[in-house]
Amino acid sequence: MLDLVIQNGQVVTADGSFAADIGIAGGRIVTLGLGLDAPQKIDAAGKLVLPGGVDSHCHIEQLSAAGIMNADTFESATRSAALGGTTTVISFAAQHVGMRLKTVVDDYAALARKGALVDYAFHLIMAEPRPDVLDEDLPELAALGHASIKMFLTYDKIRLEDAQALAVLAAARRHGMMVCIHAENHGMIQWLANKLVERGYTHPKYHAVSHPRLGEAEAIDRAAAMSLLLDQPVMIFHVSTVEGLAAVRRARAAGAKLWAETCTHYLVLTKADLDRPGGEGAKWICSPPLRDAADQEALWQALADGTLQTVSSDHAPYAADASGKYMAGPEPGFKQVPNGMPGLAFRLPILWDQMVNHGHGSPEAFVRLACTEPARLYGLDDRKGSITIGKDADLLIWDPARAVTLTAALAGDNTGYTPFEGMTVKGWPTTVLRRGEVIVAGSEVRASPGSGRFLARQGGPAAQPTGRLAPELDPTQNFGAELLESQAADVPK
Ligand code: URP
Ligand code: ZN
Ligand code: ZN
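First, a word on what this report is: a plain description of the structure on this page. (Residues numbered from 1 in each chain as written. Chains lettered and ligands numbered in written order. Predicted model: local features only at pLDDT ≥ 70, side-chain atom pairs only at ≥ 80, totals over all residues. Heavy atoms only, no water.)

Only K150 (NZ), H182 (ND1) and H238 (NE2) from the protein reach the zinc ion (ligand 2) as donors, at distances of 2.1 to 2.2 Å. Considered as a linear motif, the donors of the zinc ion (ligand 2) on their single chain read K-x31-H-x55-H. (Donors = N, O, S within 2.8 Å, 3.2 Å for Na, K, Ca; no water.)

Okay, structure coming up:
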């Protein structure tokens, strides 16, 4: 017996599109066919039906490296996500030096339980991989359904030295977890930023100068070498440059199991936004910084040829006032501005418009990059990311003809601005369902705070080692298994 049927829509999956009704029972998709009936019906005639978006990189209610609080709570961020068609988020539980990771995760989980309107999981940020964290907290957290870690190769206070990064990779390997990496060369950023400030070059536009393109490439090369040494899969977050893409391709050619994402803003904005009068450009400060039109073209090509797997928002919301972007005054130096921009609400509409209406890809490719691949890479594909029988009924009734001009008010987050202000996109989610329940109808959000669920996961195949260790660690010749204390089946004892 069905609870609900979505009738007469054109279903879009990563593999193809077809006319079908979608039968839903108990919050799941239980049948696809024609002429289905149920007590509750939604007519999707003339519309597309897409899977709910999976945003695998967003910062929510998080304390930054510099100790600054995000503008968004789980409630405001996930309300904004839902309005734009994102029904699953992976945000962060951020350890800072001195903290126990287990306690950190408990704290973030309590905030999400109280506020989240969409389903969620956490990447665990490792700022201090001490033995108690790696040997006591991590096994416990893995058993509770946490399956990914983020580590930073830059940012004062939370960045890891290479030896620490290796310790994290080895620990992740023991638990089959994915390791996501913020890959920029810290020394290059520090040296350039200090020189710029010393000489009085503090306008927001110099932020882009202080994060050199080569710094991204170098850090990706280094992350790849560490991944190869320990045979631990990694995900390179927010790739922004031609040089970074070349490093991703080099890593794969060398045999690394390395995945890579880019973010909405790198595809449609450039560093020209930083070069606005006075302190205005502070709103566009994020790291890595916005780049050039040539990088945008290269990123689109990389999405098309498989170099990049996913597009996330990297929603990192700081209010455009004295509590956030302008905490150092109305014309802050670039070093005084919290890094990050809001983007949860508009990721899907912008990506759709760019791909389908501006020739960068098909509806199917859009679904792959925004829904299916993020679910698969992070171990959520048993429930999320596609319209197939057995999956959660996280569905969007998508109007490909609806044109919308993006504004801060429409985004509905707490920052008070959108970096995409005034952009007009065509394609919009008119109805959003989460586990079979309508959570957005038009501009009305119906889900209650706390109705989002924690998604316990295990690292999926994308996070499993290849079995090809570096020669120095090859267990057939040396003592690799001992050094790695690996429980991975592919490493002989
Ligand atoms: O500028 C950004 N993206 N801030 C958020 C932290 C990060 O590195 O992802
Ligand atoms: Zn990052
Ligand atoms: Zn981020």
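Moving on, we come to the coordination of the zinc ion (ligand 3). The textbook angles at a metal center are 109.5 degrees for a tetrahedron of four donors and 90 or 180 degrees for an octahedron of six. Around the zinc ion (ligand 3), the protein contributes the donor atoms H57 (NE2), H59 (NE2) and D314 (OD), which lie 2.0 to 2.1 Å from the metal centre. Angles of 88 to 130° at the metal separate the four donor atoms of the zinc ion (ligand 3), which places the site in the tetrahedral class. The sequence pattern formed by the donor residues of the zinc ion (ligand 3) is H-x1-H-x254-D. In this structure the zinc ion (ligand 2) is found 3.9 Å away from the zinc ion (ligand 3). With H59 in the loop between β6 (53-55) and α1 (74-83) and D314 in the loop between β13 (310-312) and α11 (347-357), this residue pair connects regions lying 255 residues apart in the sequence. Per residue, the accessibility class of H59 equals that of D314, and both read buried. (Tetrahedral: all angles 85-135°; square planar, octahedral: opposite > 155°, others 65-115°. Helix = DSSP H or I, 4+ residues; strand = E, 2+ residues; numbered from the N terminus. Buried < 20%, exposed > 50% of the residue type's maximum accessible area, 1.4 Å probe, protein only.)

Here we take up the layout of surface pockets. The space that makes up the largest pocket amounts to roughly 800 Å³. Forming the walls of the largest pocket are 43 residues, and the residues nearest its centre are A65, A66, Y155, V337 and N339. When contributions to the lining of the largest pocket are tallied by element, the ones reaching two or more residues are β9 (148-152), α5 (186-198) and α6 (205-210). Looking at the lining of the largest pocket, the element that brings in the most residues is α5, giving five residues. Considered class by class, the residues forming the lining of the largest pocket number 19 nonpolar, 19 polar and five charged. (1 Å grid on protein atoms, 1.4 Å probe; cavity = no way out; pocket = protein on both sides within 12 Å on 5 of 7 lines; lining within 4 Å. Points joined across faces, edges and corners; volume = space filled by probe spheres on them. Nonpolar A, V, L, I, M, F, W, Y, C, P; charged D, E, K, R; others polar.)

Formed by 139 residues in total, the largest nonpolar core has its most connected members in L50, F122, L124, I181, I236 and F366. Among the elements that line this core, the one with the most residues is helix α12 (residues 363-377), at eight residues. Judged by nonpolar contacts, the second largest core, of 16 residues, contains I6, I22, I42 and L395. (Core = buried A, V, L, I, M, F, W, Y, C linked by side-chain atoms within 4.5 Å.)

This part is about the pairing of strand β3 (residues 28-33). Bridge analysis of strand β2 (residues 17-25) against β3 gives five bridges, and the strand direction is antiparallel. Opposite A25, over in β3, you have R28 as the bridge partner. The hairpin formed by β2 and β3 contains two residues between the paired strands, and G26 there has a positive phi angle of roughly 60°. (Pairing = 2+ DSSP bridges.)

The next subject is the sheet that holds β6. Strand order in the open sheet formed by eight strands is β6-β7-β8-β9-β10-β11-β12-β13, and the pairing between neighbours is parallel. Because the sheet does not close on itself, it has two edges, and the strands there are β6 and β13. Recorded for the sheet is a direction-independent mean angle of 30° between the axes of neighbouring strands. (Axes fitted to C-alpha atoms, helices over the stretch in contact; angles between N-to-C directions.)

What surrounds ligand 1 is a group of 13 residues, the closest being H59, H182, S287, D314 and N339. Residue H182 places a side-chain N or O atom 2.8 Å away from an oxygen atom belonging to ligand 1. Within the contact set of ligand 1, an oxygen atom lies 2.7 Å away from a backbone nitrogen or oxygen of S287. Relative to its free-state accessible area of 270 Å², ligand 1 is covered by the protein chains to the extent of 94%. Assessed atom by atom at 2 Å from the grid points, ligand 1 resides in the largest pocket. Here the shell around ligand 1 is composed, by residue class, of four nonpolar, seven polar and two charged. (Near = heavy atom within 4 Å. Polar contact = N/O pair within 3.5 Å; in protein donor to acceptor, adjacent residues only side chain to side chain. Areas by Shrake-Rupley, 256 points an atom, 1.4 Å probe, with all protein chains shown as cover. Sits in = over half its atoms within 2 Å of the grid points.)

Moving on, we get to the side chain of S148. By secondary structure assignment, the location of S148 is in strand β9. A distance of 2.7 Å separates polar atoms of two side chains, one belonging to S148 and the other to H123. Polar side-chain contacts of S148 include one of 2.7 Å to the side chain of R457.

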